[in-house]
Number of protein chains: 2
Amino acid sequence: MKRKVTIRDVAEHVGVHHSTVSRALSPSKRDKISPAVVKKVEEAADELGYFPNIVASSLKQNRSFTVGVLIPDLTNPLFPPMIRGIQDTGEAAGYTVITANTDDEQDKELNALRIMRGRAIEGMIITTARREDRIVDECIANDIPFVLVNRTVDQDGISAVIVDDDHGVRSVLDHLVGLGHKRIAHVSGPQHASTGFGRAQAFTQCMTAHDLQGDLIEPADKYSIEEGRRAFTRLFARDKKLTAVVAANDLLALGCIDATKELGLRVPENISITGYDDIQFVDRMSPALTTVQVPKYEMGALATQKLLDMIAGDDSSASIVRMQPRLVVRESTAAASA
Amino acid sequence: MKRKVTIRDVAEHVGVHHSTVSRALSPSKRDKISPAVVKKVEEAADELGYFPNIVASSLKQNRSFTVGVLIPDLTNPLFPPMIRGIQDTGEAAGYTVITANTDDEQDKELNALRIMRGRAIEGMIITTARREDRIVDECIANDIPFVLVNRTVDQDGISAVIVDDDHGVRSVLDHLVGLGHKRIAHVSGPQHASTGFGRAQAFTQCMTAHDLQGDLIEPADKYSIEEGRRAFTRLFARDKKLTAVVAANDLLALGCIDATKELGLRVPENISITGYDDIQFVDRMSPALTTVQVPKYEMGALATQKLLDMIAGDDSSASIVRMQPRLVVRESTAAASA
DNA sequence: CTGAAAGCGCTTACAG
DNA sequence: CTGAAAGCGCTTACAG
């Protein structure tokens, strides 16, 4: 590689000290330098193709301008928009984001955190939290600022941006009950995740509020299409008369739909199915999925802003932001069959 | 945050010079230090909770164990699997990958490259190449190793992992012609991208080989659903008798399908439509898309392996790998209507 | 095998 | 407003 242009090259070119160049190029220190010099420095920097060595700057300032992100799997469509929100917000503030796929395995999570600490990340965005989470504990123990997204932990005093699942599940159930459904089941997500746990709780409560039986719940171990397929199959074996299924997320709902096809059922004619998240393209499927739309990009963006504020010391208070999701009615739900 | 333990703290604790600690902790230099000292240093490092400051190490060595990746947009479903292939391969070799979304804008590409160079990336994976590409030029000018993925440039002597579009387009046209289609149009992708250009060329050639008119081509400026919709609308205004459309990628094909619905046409009864890439969930749409399946994960993984070899100096030869795509016939194509 | 020194490219407290 | 100096935490060529 060619030798890089440094601040000293620029200084020499302009005929000032390199510290002057540093100040002229720093937005916050620029006002201490005469406009004429600033101009000359900027021109020289442009001409020479100078750009700062962030590694050197990091070392000196003891800041890395890097944040780490933990996600289960990038190819799960829930995450790309979230990551985009995180990246856009981070980059706008001069931060670089490093993301790691953990496949929901603890070993991978721990390993990723180690690597990130070696890179002196200034904070973490965590989308992989279990209700009791070792990564969260490690961050606390090591004074690493972090914000949880989508999934939160049971303990208090942490910051998170999550979805108001009571609201989301209630809107689904109001819709279904309004359509005349009574025998409604739930395919729940992993109970170690706050989403799986919270939605199942909300399901039971809302069913009870509607004076319906809220215990027809079949658990899925993972948020995946395959697990959804299996859960529906078990559900149908338990109760052939159910007319609607509330799945804990879209992937699970897609699996349920697959299972209905195998069983010769039609959606929504014989059975209504709902999802949660509104991931990309579920609006184009056959049938288009009725689901709860979650503001993925915004959650990522908001969490990152919070994290940056924490890092800057502008905000030390823990806060839980609960985003309001919105029911989107499409083709997978219809009036209950007789 | 707590003050970090440095190499000097460890040195003091053991009673040696800090350079000795550095050597004792470096796998490649360890053999120059007496085993007894190595042991004492390791114990002290453990006891004090020392882990190396990679930022300082990077600055000194001018190596970062980081590679940069340029993609247009993470929320375009073509990219998550590719990125996963890149990350998995990079991480297995101890590298961290930084990705930037450029939205296909030159300014953002240049800016991202700057930031990455500031972070001393050791190489680049580029999925955003135009046929003449400034980023590629900059990488060459600055001796930054790079590998292109999916899209390549016109010039020789670079390394890339791309798709064999002659093969892909031919398999689509053979399928369509076998179904009795004669009036076949092409919605082409951006001509500044090798994919858009190459697929359009292949289209014309294959049509000619089938003794058919290969000039019914309507260009799309971007790979997006909306552009596909517009292109199809223009196409149909030009020729109401066409019976099949080969879109340059899946997003464009989805736009075409949207347009057919607006125009009161049915797919595949009135018109057949094909995509390219086989992005997630096009198999579940209505109609399920007939498309060309591209090995996205493998392309990312292969390109990264090549890049790592180049960085290690094990492989300085430029090479173009052309992956063989595979036609997947689903519901959006059928026999030509009379 | 180990130490002492120099330096990677920046930033910033201290002078003037 | 600008300069000169010190130093962030490492690595490594040079001595011994």
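Section: the protein's contact with DNA strand D
Surveying the vicinity of DNA strand D reveals 26 residues, the closest of which are Thr20 and Lys60 of chain A together with Ile7, Ser19 and Ser22 of chain B. Those elements that place two or more of their residues in the surface near DNA strand D are α2 (18-25) and α4 (54-61) of chain A together with α2 (18-25) and α4 (54-61) of chain B.

Some points on the protein's contact with DNA strand C
Surrounding DNA strand C, one finds 25 residues, the nearest of these being Ile7, Ser19, Ser22, Asn53 and Ala56 of chain A. For the surface near DNA strand C, the elements supplying multiple residues, two or more each, are α2 and α4 of chain A together with α2 and α4 of chain B. When residues of the surface near DNA strand C are assigned to their parent elements, the largest contribution, 5 residues, is made by α4 of chain A. Counted by class, the surface near DNA strand C contains 8 nonpolar, 12 polar and 5 charged residues.

Quick look at the sheet that holds strand β9 (residues 272-274) of chain A
Paired through backbone hydrogen bonds, the strands of a sheet run either parallel or antiparallel to each other. All names here are of chain A. Taken in spatial order, the 4 strands line up as β7-β6-β8-β9 in an open sheet, and their pairing is parallel. The outermost strands of the open sheet, each flanked by one partner alone, are β7 (217-219) and β9. Averaged over all adjacent pairs, the angle separating strand axes in this sheet is 15 degrees, with direction ignored. Both strand β6 (residues 184-188) and β7 contribute to a ladder of 3 bridges, which runs parallel. Its bridge partner lying in β7, Val187 is registered against Glu218. Helix-sheet contacts for helix α8 (residues 165-178) involve β6, β8 (244-247) and β9, and the interaxial angle to β8 is about 170 degrees. Each of β6, β7 and β8 touches helix α10 (residues 225-238); the most contacted strand, β6, lies at about 145 degrees to it.

Brief notes about the packing of α8 of chain A against helix α9 (residues 194-209) of chain A
All names here are of chain A. Two numbers describe how α8 lies on α9: the axes approach to 9 Å, and their chain directions differ by 50 degrees. Compared by their axis directions, α8 and α9 come out oblique. Here α8 and α9 pass one another in a crossing that is right-handed. Counted together, Asp165, Asp166, Val169, Arg170 and Leu173 of α8 and Thr195, Gly198, Arg199, Ala202, Phe203, Cys206 and Met207 of α9 form the full contact between these two elements. The class makeup of the residues in the contact of α8 with α9 is 6 nonpolar, 2 polar and 4 charged.

Remarks on the sheet that holds strand β6 (residues 184-188) of chain B
All names here are of chain B. Strand order in this open sheet of 4 strands is β7-β6-β8-β9, and the pairing throughout is parallel. Two strands bound the open sheet, and with one partner strand each, they are β7 (217-219) and β9 (272-274). Strand-to-strand twist in this sheet, taken as the mean axis angle between neighbours without regard to direction, amounts to 15 degrees. Pairing of β6 with strand β8 (residues 244-247) involves 4 bridges; the strand directions are parallel. Counterpart to His186 in the pairing with β8 is Val246. In the packing of helix α9 (residues 194-209) onto the sheet, contacts are made with β6, β7 and β8, and the angle to β6 comes to roughly 170 degrees.

Observations regarding the domain arrangement of chain A
The assigned domain composition of chain A is domain 1 (7-52), domain 2 (62-163) and domain 3 (165-294). Placing the centre of domain 1 of chain A and that of domain 2 of chain A at their C-alpha centroids yields a distance of 36 Å.

Thoughts on the interface of chain B and chain A
Each side of the interface is counted separately: chain B has 36 residues, and chain A has 33 residues. Among the elements of the structure, α4, α5 (79-92), β2 (96-101) and α6 (106-118) of chain B are those that each provide at least two residues to the side of chain B that touches chain A. Considering only residue class, the side of chain B that touches chain A consists of 18 nonpolar, 11 polar and 7 charged.

Section: the environment of Asp31 of chain A
Residues and elements named next belong to chain A. Considering the arrangement of structural elements, one finds Asp31 in the loop between α2 and α3 (35-48). On the basis of neighbour counts, which here come to 10 C-beta atoms within 10 Å, the residue Asp31 falls in the exposed class. In sequence terms Asp31 and Arg63 are 32 residues apart; their C-alpha atoms lie 23 Å from each other.

Remarks on the relation of the copies chain B and chain A
Put simply, the second copy of the chain is the first one after a rotation about an axis and a shift along it. Superposition of chain B onto chain A requires a rotation of 178 degrees combined with a translation of 1.2 Å along the rotation axis, giving an RMSD of 1.9 Å. What the superposition gives is, in effect, a two-fold axis relating one chain to the other. For chain B, the residue whose C-alpha comes nearest the rotation axis is Met285 of chain B, separated from it by 2.3 Å. Here 92% of the contact residues of chain B are again contact residues in chain A; the copies associate through an equivalent surface.

Procedures and definitions
Residues numbered from 1 in each chain as written. Chains lettered and ligands numbered in written order. Predicted model: local features only at pLDDT ≥ 70, side-chain atom pairs only at ≥ 80, totals over all residues. Near = placed C-beta within 6 Å. Helix = DSSP H or I, 4+ residues; strand = E, 2+ residues; numbered from the N terminus. Nonpolar A, V, L, I, M, F, W, Y, C, P; charged D, E, K, R; others polar. Pairing = 2+ DSSP bridges. Axes fitted to C-alpha atoms, helices over the stretch in contact; angles between N-to-C directions. Contact = placed C-beta atoms within 7 Å. Parallel < 35°, antiparallel > 145°, perpendicular 65-115°, else oblique. Left-handed = near helix turned anticlockwise from the far one by under 90°. Domains from an automatic or database assignment. Buried ≥ 20, exposed ≤ 12 C-beta atoms within 10 Å, placed from the backbone. Least-squares fit on C-alpha atoms with pLDDT ≥ 70 in both.

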